[in-house]
Amino acid sequence: MKKILLFVIMFVSAQIFSQTTYNSATDGNWNSQFSWSPNGVPGAGDTAVIAHNITVTDVQECATLDVNFAFGKKLTIDGSGASLTVSGTTTNDGEILITGGSAANPATLTLNGDLTNEAPFTINDGQRLIMGANANVTADDPITIKSDSNSHGSFYFYNGTWTPGSNNGVISYNRHISNLSTWDLISVPVSSLSINDFATGETDLATNGAQYAIGTYTNTTAAASAGNTWQNYTTSTAPGAGNFVSGKGYQMAAKGSASGTGVGAEMTFSGLPNTGTITISIINSETGVGTDNDPADGSRFNLVGNPYPSFISVSAFLTANSSVLGNAHAAVYGWNGSSYDTYNSASNAYIAPGQGFMVGADSSNSATLGFTTSMQSTSNTSMDDFISGDQLEDRAELFLGYSNSDYSNKAEIYFLENTTNSLDVAYDAVSIDFDHNNGIHTRLVDSSSDNRNFVIQSLSYSEMNDKVIPLVIHGTANEELTVNILHRTTPADINIYLEDTFLNTFTDLKEEDFVLTPTADLSGAGRFYVHLTEDTMSTIDVSSNMINAYKDANSDFITVEGLSSQESLVNVSLFNILGSKVLSTSFDNSLNKRVISTQGISQGIYVIELESSVNRVTKKILIK
């Protein structure tokens, strides 16, 4: 027993004496032995005391960090991939700056122990400070986080406690805000910030007379019908508006030329960082009755936002909120300055600090949407708003772009394992309803029971070859449109063709764009398809003719689409449950989509039959 005890004492003693306190000796690089006294470089078990300009340009670590006050001197973590990890406590009585990294490889300071901040501390745009789990902050001076139009600084604060030692013990998030030419959707990453104080104190905020360029979004059908969905604060309403609500989204614009491009300003949001779980109520205001169910008025959608000064994972956010988002709306819709881009779990995307976005609520009753600190993620490979992350194995992407004289959008197709031809919640997403009748969309490959337009569709990676995906291309008569490949990571031996069944053409999109000037307005599915195949295709191949009929739940008509894919008339018959024919008509192929009124037809279940010279389709239709 005595021998064992002696060994333990000797072991502990050896550990104690192996730790060294290194004091900076001169300005220099952390990894230079001449920067320190005694000569050497602090390591994982050592204490570093800094009173000079010391710069970290590679990967370093220490046990304890003390940045002492010395006028004009600071610790800098500088350059792509530069990082310093401190396992124990950190005290900043001097100055700390994190800077110089690229958006894909930021400079990083990781503090796994408590931080006492009593001096300037700056995280430049695109760089990051990471506090370890349960690490606390006591602050007498602010931590300043910066951003620009392309990159955002970030501060990761998980389950610790923030204690302000003075009124200056806050974070100041300097977020880039676009100007009046595009506006921005934002959220506020701090608590207890007065809307009126911000509006009257922020000199870069745009104004128009008594109106401030800060606004809210209301998704009630009453607001939509009155044209009041977007409402800005004024000099009369701001004083009674209270504080910014954590987790809520706002529209905002900076001063600048209304016609300027890329012009904006950093605006400062100062306060205590939001911590813990943040919740906000959302609701689907589509009532299902008449004009109250207009999908184009945005009444399903709610403007919310990332409440943290850090990036959060789209996938983690959707997983946590799957019960309150509609199955095909399990996505986030981010404003890009001219339209909404859609992101879901297939996108491998991240939401920037202070970023606002739209979500589609499922229930007509108020439901709780939640943000948690566990959604924070350092895995993003860009520090910009809504940018895809790393490519994964068994993953491919195909983005099809659409443009005409005044509009552009894209349809995103992902090939991932464990996704199917049917609806995959959080991996397939319909377009935000503001844009549902514009540009290009896809229909699910197995679209027999789903007639919605999808902006993101995920399909099996192993079944990519010989995949045929229905397209919906909207167009105006006599106006040229173009469809092309915007982005592709599909295997080199996979050919990509766009089929036009009406013109009986196949366009090799890897070689040229598809350009069309339609003679009539285009809408609906059944005319256009994208083929992925290892084979070479031509007009002699069998086309993907598809005719379809459906009735939206609250409409008073049946839609028949895919008519332009047929070589002959399509005869349409409607039968009641007793088998009696109650309606009969026929359509030619000059238009792709037609509608049949159901007014005057009794409520009930019917069978519709579509028959051409080469196709026959029967489906059940519910009329109510």
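Residues numbered from 1 in each chain as written. Predicted model: local features only at pLDDT ≥ 70, side-chain atom pairs only at ≥ 80, totals over all residues. Heavy atoms only, no water.

## Here we look at the sheet that holds strand 2 (residues 28-29)
Hydrogen bonds between backbone atoms are what pair the strands of a sheet, whose relative direction is either parallel or antiparallel. Within the open sheet, the nine strands sit side by side as 2-5-8-11-14-17-20-27-22. Their pairing is mixed. Of all strands in the sheet, those with a lone pairing partner are strand 2 and strand 22 (190-191), marking the two edges. As paired elements, strand 2 and strand 5 (residues 54-56) share two bridges and run parallel to each other. Of the residues in strand 5, the one forming a bridge with Gly28 is Ile54. (Pairing = 2+ DSSP bridges. Helix = DSSP H or I, 4+ residues; strand = E, 2+ residues; numbered from the N terminus.)

## Thoughts on the nonpolar core
Of all hydrophobic cores here, the largest spans 58 residues; its most connected members are Trp30, Leu65, Leu75, Leu129 and Met252. Leu459, Ile469, Leu471 and Leu532 belong to the second-largest nonpolar core, a separate cluster that totals 26 residues. (Core = buried A, V, L, I, M, F, W, Y, C linked by side-chain atoms within 4.5 Å. Buried < 20%, exposed > 50% of the residue type's maximum accessible area, 1.4 Å probe, protein only.)

## Section: the pattern of salt bridges
Under the criterion given, the structure shown has eight salt bridges. When the shortest N-O distance is used, the salt bridge between Lys73 and Asp27 registers 3.0 Å. In this pair, Lys73 sits in the loop between strand 7 (64-67) and strand 8 (75-78) while Asp27 sits in the loop between strand 1 (21-24) and strand 2, placing the two residues 46 residues apart along the sequence. Overall, Lys73 belongs to the partly exposed group, its relative accessible area being 26%. (Salt bridge = Lys/Arg side-chain N within 4 Å of Asp/Glu carboxyl O.)

## Looking at the environment of Pro239
For Pro239, the position within the fold is in the loop between strand 25 (230-234) and strand 26 (250-252). The exposure class assigned to Pro239 is exposed, which follows from its relative accessible area of 53%. Along the chain, Pro239 and Asp197 lie 42 residues apart, while their C-alpha atoms are 8.3 Å from each other. With near-sequence residues (within four places) excluded, Pro239 lies in contact with Asn196 and Thr234. (Contact = heavy atoms within 4.5 Å.)

## Section: a negative patch on the surface
A grouping of Asp466, Asp493, Glu534 and Asp535 is seen on the molecular surface, where their side chains present a negatively charged patch. Along the chain, Glu534 falls in the loop between strand 46 (528-533) and strand 47 (548-550). Its relative accessible area of 45% is what places Glu534 among the partly exposed residues. (Patch = residues over 30% accessible without salt bridge, like charges linked within 9 Å, V, L, I, M, F, W, Y side chains within 5 Å. Areas by Shrake-Rupley, 256 points an atom, 1.4 Å probe, with all protein chains shown as cover. Lys, Arg positive; Asp, Glu negative; His and termini not counted. Charge placed at Lys NZ, Arg CZ, Asp CG, Glu CD.)

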